[in-house]
Amino acid sequence: MATDNRQMWAELGIDLKKHDMLMNALPPIYKDIYLSQKNRPKGMGFFDFVVGDIHGIRVQELRQHAKNGTTVVATYCVFVPDEIVLAADAIPVGLCAGTQFSVPIAEEVLPRNTCALIKSSFGFKLGRICPYVQTSHLIVGETTCDGKKKMFEILAEYHPVYIMEVPNKKTQRSRDLWRGEVAAFQEVIEKQTGNEITADKLSKATRLVNDRRRALQRLYNTRKANPVPISGKDALLVTQVAFYDDISRCIKQVNALCDEVEKRVAKGEGVFPAKTPRVLISGSPMAIPNWKLHHILETAGAAVVCEESCTGTRMFSDLVPETGGPVEEQIKAIADRYMQIHCACFTPNEERLDDIVRLAREYKVDGVVHYNLQFCHTYANEAVKVEKALEKEGIPLLRVETDYSDEDAGQLRTRVDAFLEMIRR
Ligand code: BJ8
C-alpha cells in the first residue's frame, strides 16, 4: 500500500522529499495531541484511521473517480455550495490549510503579513505537497477577505481557479447578487463536468448535504451535556474530516459516533469531570492539523464544548429547505441558506454577535475564547464588537491572536491558565 501511495504521489507531481518531511512530522504530533487523551469514544477510531492515512486511501478513491471521468472540485470556504457540485455528479473536497509546514514555502511569493490559513493553502500548491490539490480539476475560491481573493489570483497561475463573488453586505441587493452567483456557479460546474443539474439530482444532493449537517448538529447537541461526553479536540477533528471525506461514509460514521456518545450522555458519563470550566471558541476556522488552541485549553483543564466557526457551527447550523421544485427555485433556496453564514467578511454582521451569545447560553459555557489568526483583519476587528456584546451579557472573554507556529505556545498557556483561574466554578 505504501509503495502504491508513493507511486500515486509521484504521478500527481508531488515533491516527495518535502512530502515525506510533512508525513513524518504528523504521527508524533497526532499521538501527543489525540491519542494521549483518556476515555475517548470508540467511534473516534474511524477518524484516527482517516488522519493516520491522510494522503492514502481517500486520495486513491478520488484518483479512481477522476480516472472514471468524475470531476473533483476543491474548495477553501463554506460559502461554496457542495449541493451544486454533488448534483453534477462531481465530488467536492474541502482543502485543509492548517499547517505551519507550508507557510515558509508560501512566503517565497506572498507577503509575510498574510494570515497563516492563506499562506498554508497557497504553500501546499506552490510546494506541490498536497495530493488533494493535485487531484482536483478545479479550485473554487471566493471574494471573502482581501487576502484570500488576491491570493486566488496568484494561485490561478498554478491551477485552474474559479472565483465566486460573495457579497459584503446582507441587503436585498446583495442577496440578489449572491443568488446570481450561485446560478452562475451551477453553469460553471455543468460546463466543467459536462453533466446537467436536474431538479431531481439537486433535491437528492440537498438532502445528502443536509444529512451531513444533521449528523454534525446531533454531535454538537451532545456537547451541551455536563459532563461533556466528547472532548473539543475530538469534535473538532470530526468536523475537519467532514470537509474531505466521502460524504455518505462520513454521515454514517458521525451518526455511529453519536449513537455511542448519546449513550454516554444518558448515563451521565463524560470525558472531563462535571465541574470542568466550559469554553466556547469563536472566530477564524481551524483547518487540519490546527489543533493548537484546543490542545492548550484542554490540557490546561478546560473543556471546549462548542466552536462558533466555519470548522464548527457555521458549517452546519442551517439546513436548505427540502421543498424540491424547479431547479431555479432550489438554487434560490440554496443561495439563501448560504447567506445565513455569518462570516466576519460581512458588514455589518450583528447576527454573529447574537449567535455567540446564544451559543454561550445553549452550551452553558463559563467563558468564550475569541480566536483570530494573526493578520486576519476581519475577525480581529470584529472581536471589538464581540467583546462589547459579551461584556453586556456578563460572559467572560479571552481574546487570542496567534498563528500556526508553536513559538507563542508558552505565552498562550500562561494567558489560558489565568483565564481559567478566573472562570473556574
Ligand atoms: S465563511 S471565515 S471559511 S472566508 S482567517 S483567510 S477571513 S484573513 S477563512 Fe473563512 Fe469562508 Fe469566512 Fe468561513 Fe481571511 Fe481571516 Fe485568513 Fe480567513
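No experiment lies behind these values; they were computed from the predicted model shown.

If you tally the helices and strands in the protein, you get 19 helices and 8 strands. Looking at the protein residue by residue over its 425 residues, the buried ones come to 59%. Summarising the internal contacts of the protein: among those between residues at least 6 apart in sequence, 76% fall at separations of at least 24. As displayed, the protein has an accessible area near 17,300 Å², and 52% of this comes from carbon and sulfur atoms. Separation between the mean location of the 56 positive side-chain charges and that of the 57 negative ones in the protein comes to 3 Å.

Glancing now at the site of the ligand. Neighbouring the ligand are 16 residues; Cys77, Cys115, Cys145, Cys310 and Cys376 lie closest to it. Partitioned by chemical class, the residues of the shell around the ligand number 12 nonpolar, 3 polar and 1 charged.

A separate point is the packing of helix α3 (residues 44–52) against helix α13 (residues 247–267). Two elements in contact, α3 and α13, have axes separated by 9 Å at closest approach and are oriented at 140 degrees. On the basis of their axis angle, the class for α3 and α13 is oblique. Residues Met44, Phe46 and Phe47 of α3 touch α13, and the partners they reach there are Arg249, Gln253, Val254 and Leu257. For the contact of α3 with α13, a count of residues per class yields 5 nonpolar, 1 polar and 1 charged.

This brings us to the packing of aromatic side chains. Inspection of the entire model under this criterion finds 11 aromatic pairs. With centroids separated by 5.7 Å and ring planes inclined at 65 degrees, the aromatic side chains of Tyr30 and Trp291 adopt a geometry described as edge-to-face. Of this pair, Tyr30 sits in helix α2 (residues 16–35) while Trp291 sits in the loop between β5 (278–283) and α14 (292–299), placing them 261 residues apart in sequence. A centroid spacing of 5.1 Å and a plane angle of 85 degrees characterise the contact between Phe46 and Phe47, whose relative ring orientation is edge-to-face. Each member of the pair Phe46 and Phe47 is classed as buried.

Taken in spatial order, the 4 strands line up as β2-β1-β3-β4 in an open sheet, and their pairing is parallel. The sheet is open, and its two borders are formed by β2 (91–94) and β4 (161–164), each paired with just one other strand. Going across the sheet, the axis of each strand differs from the next one's by a mean of 30 degrees, ignoring polarity. Both strand β1 (residues 72–75) and β2 contribute to a ladder of 4 bridges, which runs parallel. From the neighbouring strand, Val73 faces β2, where its bridge partner is Pro92. Relative to strand β3 (residues 138–142), helix α9 (residues 146–155) is tilted by about 155 degrees, and along the sheet it contacts β3 and β4.

The strand order across the open sheet formed by 4 strands is β6-β5-β7-β8, and the pairing between neighbours is parallel. With partners counted over all chains shown, the strands left at the sheet margins are β6 (303–308) and β8 (397–402), one partner each. Between one strand axis and the next, the sheet turns by 25 degrees as a mean value, whatever way the strands run. Along the sheet face, helix α18 (residues 377–393) touches β5, β7 (367–373) and β8 and points at about 170 degrees away from the line of β8. Seen against the sheet, helix α19 (residues 409–423) touches β5, β7 and β8 and runs at an angle of roughly 170 degrees to β8.

For β7, the buried fraction is high: 7 of the 7 residues fall into the buried class. On β7, burial covers both faces: Gly367, Val369, Tyr371 and Leu373 on one face and Val368, His370 and Asn372 on the other are all buried. Two strands pair when backbone bridges link them, and β5 and β7 are joined in this way by 5 bridges, in the parallel orientation. Of the residues in β7, the one forming a bridge with Gly283 is Tyr371.

For the rest of this paragraph, the subject is the pattern of salt bridges. Summed over the entire model, instances satisfying the criterion amount to 38 salt bridges. For Arg223, the salt bridge goes to Glu307, with nearest N and O atoms at 2.9 Å. Of this pair, Arg223 sits in the loop between α11 (199–222) and α12 (232–242) while Glu307 sits in strand β6; the two residues are 84 residues apart in sequence, bridging distant segments of the chain. Taking the shortest distance from any N to any O, the salt bridge between Glu308 and Arg314 comes out at 2.6 Å. In this structure Arg314 comes out as buried when scored by relative accessible area, which is 6%. In the salt-bridge network here, residues are joined through shared partners; they are Arg58, Glu61, Asp245 and Arg249.

Within the largest apolar cluster, 148 residues are counted, with the highest numbers of intra-cluster contacts made by Leu237, Trp291 and Leu297. When neighbours within four sequence positions are excluded, Leu297 is seen to be in contact with Val279, Ile281, Ala302, Val304, Val369, Val416 and Leu420.

A few words now on the environment of Pro277. By the secondary structure assignment, Pro277 is in the loop between α13 and β5. Between the C-alpha atoms of Pro277 and Ala225, which are 52 residues apart in sequence, the distance is 13 Å. Look past the residues within four positions of Pro277 in its chain and what remains in contact with it is Gly301, Ala302, Ala303, Asp366, Leu420, Ile423, Arg424 and Arg425.

The next subject is helix α17 (residues 350–362). With 13 residues, α17 extends 18 Å from end C-alpha to end C-alpha; this agrees with the ideal 18 Å at 1.5 Å per step. Buried residues of α17: Arg352, Leu353, Asp355, Ile356, Val357, Leu359 and Ala360, and no others. Close packing links the buried residues of α17 with β5, β6, α15 (313–316), β7 and α18. Immediately downstream of α17, the backbone of Lys364 shows phi near 50 degrees, a positive value.

Here we take up the packing of α17 against α18. One way to put it is that α17 packs onto α18 with a least axis distance of 10 Å and a crossing angle of 50 degrees. When the axes of α17 and α18 are compared, the pair comes out oblique. In the packing of α17 onto α18, the handedness of the crossing is right-handed. Across the interface between the two elements, Glu350, Arg352, Leu353, Ile356, Val357 and Arg361 from α17 touch Tyr379, Glu382, Lys385, Val386, Ala389, Leu390 and Glu393 from α18. The class makeup of the residues in the contact of α17 with α18 is 7 nonpolar, no polar and 6 charged.

Each value, and the rule that gives it
- Residues numbered from 1 in each chain as written.
- Predicted model: local features only at pLDDT ≥ 70, side-chain atom pairs only at ≥ 80, totals over all residues.
- Heavy atoms only, no water.
- Helix = DSSP H or I, 4+ residues; strand = E, 2+ residues; numbered from the N terminus.
- Buried < 20%, exposed > 50% of the residue type's maximum accessible area, 1.4 Å probe, protein only.
- Contact = heavy atoms within 4.5 Å.
- Areas by Shrake-Rupley, 256 points an atom, 1.4 Å probe, with all protein chains shown as cover.
- Lys, Arg positive; Asp, Glu negative; His and termini not counted.
- Charge placed at Lys NZ, Arg CZ, Asp CG, Glu CD.
- Near = heavy atom within 4 Å.
- Nonpolar A, V, L, I, M, F, W, Y, C, P; charged D, E, K, R; others polar.
- Axes fitted to C-alpha atoms, helices over the stretch in contact; angles between N-to-C directions.
- Parallel < 35°, antiparallel > 145°, perpendicular 65-115°, else oblique.
- Phe/Tyr/Trp six-rings, centres within 6.5 Å; stacked < 30°, edge-to-face > 60°.
- Pairing = 2+ DSSP bridges.
- Salt bridge = Lys/Arg side-chain N within 4 Å of Asp/Glu carboxyl O.
- Core = buried A, V, L, I, M, F, W, Y, C linked by side-chain atoms within 4.5 Å.
- Expected span 1.5 Å × (residues − 1).
- Left-handed = near helix turned anticlockwise from the far one by under 90°.

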